[in-house]
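Here's the letter readout for the chains.
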Amino acid sequence: MAILKIATLGHPVLREIARPLSREELSSPDTQRFIDDLIETMIDASGAGLAAPQVYRPVRVCAIWVKDNPRYPYKPNFPLTILVNPELTPLTTDTFLNYEGCLSVPNLRGEAPRVTHLRVRAWDRHGADLDFEVKGLTAGTFQHECDHLDGKVFVDRVVDTRSLTTWADFERYHLAGFAERARAIVAKYGA
Ligand code: ZN
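Our subject in this report is the structure included herewith.

Criteria and cut-off values
- Each chain has its residues counted from 1, running along the sequence as written.
- The predicted origin of the model limits local features to residues at a pLDDT of at least 70 and limits the giving and counting of side-chain atom pairs to 80 or more, whereas totals for whole chains, interfaces and linings rest on all residues.
- Excluding hydrogens and water, the side-chain figures rest on all heavy atoms present in the structure.
- Think of it in three bands: with a 1.4 Å probe and only protein chains considered, a residue is buried below 20% of the maximum accessible area for its type, exposed above 50%, and partly exposed in between.
- Secondary structure elements are taken from DSSP: a helix is a run of H or I of four residues or more, a strand is a run of E of two residues or more, and numbering for both begins at the N terminus.
- Strand pairing is assigned whenever DSSP detects at least two bridges linking the two strands.
- Take the number of residues in a helix, subtract one, and multiply by 1.5 Å to get its expected span.
- Water is not among the atoms examined, so metal sites may look incomplete; donors are the N, O and S atoms within 2.8 Å of the metal, or within 3.2 Å for Na, K and Ca.
- Throughout this description, the term salt bridge denotes a Lys or Arg side-chain nitrogen within 4 Å of a carboxyl oxygen of Asp or Glu.
- Any pair of cysteine sulfurs within 2.5 Å is marked as a disulfide.

Observations concerning the pairing of strand β4 (residues 95-102)
Then, in step 1: Taken across its eight residues, β4 has six buried, putting it largely inside the fold.
Then, in step 2: Across seven bridges, the pairing between β4 and strand β5 (residues 105-115) is antiparallel. Each residue of the ladder has a partner; that of N98, found in β5, is A112.
Then, in step 3: Hairpin connection between β4 and β5: a loop of two residues separates the two successive antiparallel strands.

Shown next, in the form of structure tokens:
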């Protein structure tokens, strides 16, 4: 396994529409090794998720794993999940403001509105069908990662640019307020 280099904002690969994988390509040793590397890179960088275009491979694959994440202490844990060719369907029009960061956007956070309840359909890394629902902060994470497959970055979603902040100033001025809102979201939608 290997730690991959992460593309940062401005690199064109982050703006590509990623292409779907066929079952044959997914099952190839090269793709399976790539998925192992994607997971290892996400863990190494303490990400809550990582999408293939962020490591210079514009295919529709992303990894999500939240386990006591130090970058996002208020995020509920979510088991390691690989999504291949995912489709997200909103199950509500309700949104919340999610204070997001991104491994491809160093030292910046901002508030992006996200739908609070989604249906997720995808293949897992072995091509088996996944079909489940996610809510609240977890739904925010899924929307963030799947946006990367469509060439979108969270800063595109930020409505109030006054919410943009460095990580140090997030902790200094915004963390307490957002952690309180996050607790309310977790209480309402579950962890
Ligand atoms: Zn990201």
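Picking up where we left off.
Looking at helix α3 (residues 136-149)
Then, in step 1: For α3, built from 14 residues, the straight-helix expectation of 20 Å at 1.5 Å per residue is met to within 8% by its first-to-last C-alpha distance of 21 Å.
Then, in step 2: Of all the 14 residues making up α3, 14 are buried; the element is thus mostly covered by neighbouring parts of the structure.
Then, in step 3: Backbone geometry just after α3 places G151 at a positive phi near 75 degrees.

Digging into the coordination of the zinc ion
Then, in step 1: On the protein side, the zinc ion has C102 (SG), H144 (NE2) and H148 (NE2) as donor atoms, found 2.1 to 2.3 Å from it.
Then, in step 2: Mapping the donors of the zinc ion onto the primary sequence yields the spacing C-x41-H-x3-H. Placement of C102 in strand β4 and of H148 in helix α3 is noted, with a sequence separation of 46 residues between them. Take C102 and H148: they sit in the same class, and that class is buried.

Things to note about the pattern of salt bridges
Then, in step 1: Enumeration over the complete set of coordinates arrives at twelve salt bridges.
Then, in step 2: Its salt-bridge partner being D156, residue R15 comes within 2.7 Å of it at the nearest N-O pair. Taken together, the residues R15 in the segment before α1 (23-27) and D156 in helix α4 (residues 154-157) connect sequence positions 141 residues apart.
Then, in step 3: With its nearest N and O atoms 2.8 Å apart, the salt bridge here joins R19 to E25.
Then, in step 4: Beyond isolated ion pairs, a larger network of salt bridges with shared partners links E100, R114, D147 and R157.

Examining the state of the cysteines
Then, in step 1: The full count for this structure, using the stated rule, is zero disulfides.
Then, in step 2: C146 provides the cysteine sulfur closest to C62, a residue in no disulfide bond, and the two sulfurs are 4.4 Å apart.
Then, in step 3: Using a relative accessible area of 0% as the deciding quantity, one classes C62 as buried.

What about unusual backbone geometry?
Of all residues except glycine, most have a negative phi; of all peptide bonds, most are trans.
Then, in step 1: The phi torsion at Y56 lies on the positive side, around 70 degrees, for a residue other than glycine.
Then, in step 2: Residue position: Y56 is located in the loop between β1 (49-51) and β2 (61-66).
Then, in step 3: One non-glycine residue, D68, adopts positive backbone phi at about 45 degrees.
Then, in step 4: One can find D68 in the loop between β2 and β3 (78-90).
Then, in step 5: Taking relative accessible area as the criterion, D68 reaches 57% and is therefore assigned exposed.

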